[in-house]
Amino acid sequence: MVDDFFNNCLYFTVNKLSRAITKMAEDSFKKTGLSPTHAFLMMLVIDKPGISQSELAEALHLKPSTITRFVDKLVEKGLIERKTEGKRSLNFPTENGEAILKDIKEGWKILFRSYSDILGEDEGKALNKLVNEAGNKLEK
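Residues numbered from 1 in each chain as written. Predicted model: local features only at pLDDT ≥ 70, side-chain atom pairs only at ≥ 80, totals over all residues. Heavy atoms only, no water.

## Here we look at the pattern of salt bridges
Stated formally: Here, a salt bridge means any side-chain nitrogen of Lys or Arg that lies within 4 Å of a carboxyl oxygen of Asp or Glu. Three exposure classes are used, based on accessible area relative to the maximum for each residue type with a 1.4 Å probe and protein chains only: buried under 20%, partly exposed in between, and exposed over 50%.
Tallied over the full model, the rule gives 8 salt bridges. Ionic pairing is found between lysine 48 and glutamate 55, a salt bridge with its closest N-O pair at 2.5 Å. Assessed through its relative accessible area of 39%, lysine 48 is described here as partly exposed. The class for glutamate 55 is partly exposed, based on a relative accessible area of 28%. Here the salt bridges share partners, and the residues they tie into one network are Arg113, Asp117, Glu121 and Lys125.

## Things to note about the nonpolar core
Generally speaking, soluble globular proteins have nonpolar side chains that are buried together. Short version of the rule: We define a nonpolar core as any set of buried Ala, Val, Leu, Ile, Met, Phe, Trp, Tyr and Cys residues linked to one another through side-chain atoms lying within 4.5 Å. The secondary structure listing takes helices from DSSP runs of H or I that are at least 4 residues long and strands from runs of E that are at least 2 residues long, numbered from the N terminus. Two residues form a contact once any of their heavy atoms are found within 4.5 Å.
Grouped together as the largest cluster of nonpolar side chains are 25 residues, with contacts concentrated most on Leu34, Leu41, Met42 and Leu56. Contributing elements (two or more residues each) for this core: α2 (10-28), α3 (36-47), α4 (53-60), α5 (64-76) and α7 (101-119). The biggest single contributor to this core is α3, with 6 residues. Every residue in contact with leucine 56, bar those within four places of it in the chain, is listed here: Leu41, Leu44, Val45, Ile51, Ile67, Val71 and Asn91.

## Focus on the packing of aromatic side chains
To be explicit about the condition: What counts as a ring pair is set by centres within 6.5 Å for rings of Phe, Tyr and Trp (its six-membered ring), and what kind of pair is set by the plane angle: stacked under 30 degrees, edge-to-face over 60, tilted for all other angles.
According to the stated counting rule, one finds 5 aromatic pairs in the structure shown. Relative to tryptophan 108, the ring of phenylalanine 29 has its centre 4.7 Å away and its plane inclined at 75°; by these criteria the two rings are edge-to-face. Placement of the pair is phenylalanine 29 in the loop between α2 and α3 and tryptophan 108 in helix α7, with a sequence separation of 79 residues. Since its relative accessible area comes to 0%, phenylalanine 29 is described here as buried. Taking the relative accessible area as the measure of exposure, tryptophan 108 reaches 27% and is therefore partly exposed.

## Thoughts on the environment of threonine 13
For threonine 13, the location among the structural elements is in helix α2. Looking at threonine 13, the relative accessible area reads 36%, which means it is partly exposed.

## Brief notes about the pairing of strand β2 (residues 80-85)
This is how it is decided: A pair of strands counts as paired when DSSP detects no fewer than two bridges linking them.
Direction of pairing for β2 relative to strand β3 (residues 88-93): antiparallel, over a ladder of 6 bridges. Residue pairing for β3: lysine 83 is matched across the bridge by leucine 90. From the end of β2 to the start of β3, which pair antiparallel, there are 2 residues, and glycine 86 there has a positive phi angle of about 65°.

## Some remarks on the side chain of histidine 38
Take histidine 38: it is sitting in helix α3. The exposure class assigned to histidine 38 is buried, which follows from its relative accessible area of 11%. Setting aside residues up to four positions removed in sequence, histidine 38 forms contacts with Phe70, Lys73 and Leu74.

Spelled out as structure tokens, the structure:
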């Protein structure tokens, strides 16, 4: 009975999936020395130099205070430079930050391959699409 409850509860099922994919992602990004979220944040900063904290928060679906902590860590590592423009805090990749992009992209490829090998490539893409759509609907 309890197993039925857990297996049919979206909250517990998604958390189970989250723990599994988080472990895979952390393993995939070990070479970068960054967490998966830090790596994605770096990709955003490299793709859009001068991106604001609020834009990062919106793109990553995180609170601004969380983004501030993530950026602080990347500034400490010498990967991002923060510049203040009035009340806005703008983020730029440093030379070292740009140099790590190759390893970040490789981490994403490793992650994709890791779960695709288990789920199947088409199934992984379909699951990603379904979870993304559900997340968008539930955020509203």
